[in-house]
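# Structural characterization, general
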Amino acid sequence: MEVIEINNRWTGAVLYSGEHADVKEAVEAAVKAGANLGGAYLGGAYLRDAYLRDADLRGAYLGG
């Protein structure tokens, strides 16, 4: 496991940080914790089958 930070793509501010096996796990944990990931940089993240039903990803960068 490693510490994974999810950052705002424009400001670099940390939106979520935690110890996880991969980015998918970190994103799921952030959503479960109620983190606002709007504006997050998630480019290149492999999120297939991730449970993101309650996620607010408005403005998030999902491109690779």
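Here goes a summary of the coordinates provided.

## Looking at the packing of aromatic side chains
Summed over all chains, the structure comprises one aromatic pair. With centroids separated by 5.3 Å and ring planes inclined at 10 degrees, the aromatic side chains of tyrosine 41 and tyrosine 61 adopt a geometry described as stacked. Taken as a pair, tyrosine 41 in the segment after helix 1 (23–32) and tyrosine 61 in the segment after helix 1 lie far apart in primary sequence, 20 residues in all. In this structure tyrosine 41 comes out as partly exposed when scored by relative accessible area, which is 44%. On the accessibility criterion, tyrosine 61 (28% relative accessible area) is partly exposed.

## Notes on the side chain of histidine 20
Within the secondary structure layout, histidine 20 lies in strand 2 (residues 14–20). Within the structure, the side chain of histidine 20 is placed 3.2 Å from the side chain of glutamate 25, a separation counted as a polar contact. Once residues within four sequence positions are removed from consideration, histidine 20 is found in contact with Met1, Glu2, Ile4, Glu25, Ala26 and Ala29.

Definitions and limits used
Residues numbered from 1 in each chain as written. Predicted model: local features only at pLDDT ≥ 70, side-chain atom pairs only at ≥ 80, totals over all residues. Heavy atoms only, no water. Phe/Tyr/Trp six-rings, centres within 6.5 Å; stacked < 30°, edge-to-face > 60°. Helix = DSSP H or I, 4+ residues; strand = E, 2+ residues; numbered from the N terminus. Buried < 20%, exposed > 50% of the residue type's maximum accessible area, 1.4 Å probe, protein only. Polar contact = N/O pair within 3.5 Å; in protein donor to acceptor, adjacent residues only side chain to side chain. Contact = heavy atoms within 4.5 Å.

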